[in-house]
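Commentary on secondary and tertiary structure
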Amino acid sequence: MLPAALRRWLRRPKRSDPRLLSQFFFADERVTRVVAEINGLDAELDPQQYLVLLNQLHLSQAHLLAILERIMEECIPTQRHSRDYLVKFPEELLVDNLGNHMLFAAECLLAGTFLEVEEADGAQLRPQARNLLCSLELVRTVLREQSLSQPGSYPEPVRAVLVQFDRLFAEFELSYVSSLVAVKSPEEIYRQQEIIVLFCETVERALRLGYLTQEMIDGYEPLLMFTIPRLAIISGLLIYPEGPLSLEQSPEQMSRVFSPFYNLLKKIRDLLRVLSEEELCLLERSLCTAESEDPCGPATPPAWGAAVPRADPPAPWGLLEVPCAAPPPPTCMAWPGPPGAVDNMGTDWQWGPQPPGNSPGLDATPGACCSELRSRYSSTKDMLHTLFVCISGVADQLQTNFASDLRSILKTVFKIVASQAEPSEEPGASQEEDGDPCAADAPRVADCPLCSSPAEAAGLQRAGTHRLPEWVPDSTCSQCSACRSPFTLLRRRHHCRSCGKIFCARCSPHTAALPHYGQPKPVRVCTHCYAAHLSPTPRRAQSQ
């Protein structure tokens, strides 16, 4: 009978074994070895080596968790605990190594050295942290034994411990993050989805009226980060008054993104209702520009803030509250129209004074209220300038105070309104005609030789074309062509065999055959070329 240690050594998997349990064995062995080195080191005598080992521990743990995640996806794909709660987390927390942070926090909580949570929250989280770490140790033991016996199968005991660990990890993750930051409630998530719908409707309306172009949206112009929220404020107050910007509800019922501006939005809405069709168009076009242009000025308009014939002009927000003693006769247009009236200029709805009972939210007749609001300003230009400043101020404050929420909203909006390439009907169809459905998700690369010349890109993909791309010299490139991360000793340079540019490993993780370059075997290509310039046939080469 052979000793147990010898039997384990004989059953030890090979490092070249591609099976996940074999990879887990060596990843777990690496973690154990680094922990042993840390335990045998005196941190006070050699603090530099301690930091090096600590960094190695974090990297090895992250690698172990990545393999464990792949094992659970392969072993218990239908029994995974729901991760729907991730939508409640702030976007900046959703990083690749979030799981490693969770385990590190659990270890610190169990050791009593974690200071980021309140004492009461720490007392509640400590039992969960203990159960999670015990479950992880059990998973490591079971998987290690399974990798030494039958690394190609997952018996029921293995599945059971994986399901338990997945559940405990999800529960601790939600509880721990909820104790650190304010996670969104289901009601707030629903309100944010309503804002996404409003923004999408705003973009569709701006496209119809010519304020925006599809090229601007497909090109993800930075100006749209400001333009879309500005136009959405007008749409939410006038075109869709029953939507997420409805002022008939209390501030507590609104989304937290717009609730701080509740009173100001009311004043903006009252002013918007007195605008004529031409004035509203001028205001919206001015909100679409990068500069603060005067929407009512001449061909060479003066700068905003130029002197107006008034002795003591109030501040922009104050203009909305200036009392009026003697309003002139009603000569302006009221805005009591139904939602969407501004989009249907040729329908039965007409701009102009309306019957007294049709103006929601106004106590007096529409003409009198309209005249009263207009009389508070020296000119139409002054009134439009006030609206421009107030609407821009609210939209710009969203960028500052709710940057994470607004970034998440706009990211979803762009996914919806951006042009979607239609999948090719025939496998051999050229990308010029049918397009590649993955091209829309491909990261843009500056000065891509294939993007700059579509004809050249199509020609390179025809069979028999072997003109290799010119490689960018290493000495002329100090950062990744896609993510712009600087190259270091650890972040190495990698040439894309399709376009010849230099990328980091994260931006060039794919391999594909390039028969048009005389490369029948899979070679490294960047994510951009893989998604935008390679047909499905070379892509399938990497899986064969």
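In this report, we go over the structure that sits alongside the text. (Residues numbered from 1 in each chain as written. Predicted model: local features only at pLDDT ≥ 70, side-chain atom pairs only at ≥ 80, totals over all residues. Heavy atoms only, no water.)

1. Quick look at the overall build of the protein chain
- Counting secondary structure elements, the protein chain contains 19 helices and 4 strands.
- Counting across all 544 residues of the protein chain, residues that qualify as buried make up 41%.
- Long-range contacts, defined here as pairs at least 24 residues apart, represent 68% of the contacts in the protein chain between residues at least 6 apart.
- Of the roughly 29,100 Å² of accessible surface on the protein chain, 54% is carried by carbon and sulfur atoms. (Helix = DSSP H or I, 4+ residues; strand = E, 2+ residues; numbered from the N terminus. Buried < 20%, exposed > 50% of the residue type's maximum accessible area, 1.4 Å probe, protein only. Contact = heavy atoms within 4.5 Å. Areas by Shrake-Rupley, 256 points an atom, 1.4 Å probe, with all protein chains shown as cover.)

2. Topic: the packing of helix H10 (residues 262-272) against helix H14 (residues 380-401)
- Contact pair H10 / H14: the axes reach a minimum separation of 11 Å and the direction vectors enclose 145°. Note on packing geometry: the crossing formed by H10 with H14 is left-handed. For the pair H10 and H14, the contacting residues are Leu-264, Ile-268, Leu-271 and Leu-272 in the first and Met-383, Leu-387, Cys-390, Ile-391 and Val-394 in the second. (Axes fitted to C-alpha atoms, helices over the stretch in contact; angles between N-to-C directions. Left-handed = near helix turned anticlockwise from the far one by under 90°.)

3. Regarding the nonpolar core
- Phe-199, Phe-258, Leu-265, Ile-268, Leu-272 and Leu-283 are the most contacted members of the largest nonpolar core, which totals 58 residues.
- Going through the elements one at a time, helix H7 (186-209), helix H8 (214-218), helix H9 (224-239), H10, helix H11 (277-287), helix H13 (366-374), H14 and helix H15 (403-417) are the ones with two or more residues in this core.
- Formed by 44 residues, the second largest nonpolar core is a distinct cluster that contains Cys-75, Tyr-85, Phe-89 and Leu-168. (Core = buried A, V, L, I, M, F, W, Y, C linked by side-chain atoms within 4.5 Å.)

4. Details of H15
- Here H15 contains 15 residues, and its C-alpha end-to-end distance of 21 Å stays within 8% of the 21 Å for a straight helix at 1.5 Å per residue.
- Three or more residues of H15 are buried, namely Ser-404, Asp-405, Leu-406, Ile-409, Leu-410, Val-413, Phe-414 and Val-417. (Expected span 1.5 Å × (residues − 1).)

5. Section: the packing of aromatic side chains
- Taken as a whole, this structure holds 4 aromatic pairs when the rule is applied.
- Each ring, one from Phe-25 and one from Phe-26, has its centre 5.3 Å from the other, and the planes form 90°; the classification is edge-to-face. Per residue, the accessibility class of Phe-25 equals that of Phe-26, and both read buried. (Phe/Tyr/Trp six-rings, centres within 6.5 Å; stacked < 30°, edge-to-face > 60°.)

6. Examining the pairing of strand E3 (residues 510-514)
- In terms of burial, E3 is a largely internal element, 4 of the 5 residues being buried.
- As paired strands, E3 and strand E4 (residues 519-525) are joined by 4 bridges and run antiparallel to one another. What sits directly across from Ala-512, in E4, is Val-523. (Pairing = 2+ DSSP bridges.)

7. What about the pattern of salt bridges?
- Following the criterion strictly, the structure yields 17 salt bridges and no others.
- As a salt-bridge pair, Asp-17 and Arg-19 come within 2.8 Å of each other at their nearest N and O atoms.
- In this structure Asp-17 comes out as buried when scored by relative accessible area, which is 15%.
- In this structure Arg-19 comes out as partly exposed when scored by relative accessible area, which is 39%.
- The network of salt bridges with shared partners includes Glu-69, Glu-73, Arg-80, Arg-83 and Asp-166. (Salt bridge = Lys/Arg side-chain N within 4 Å of Asp/Glu carboxyl O.)

Fair warning: the whole summary comes from geometry, so function is off the table for now.
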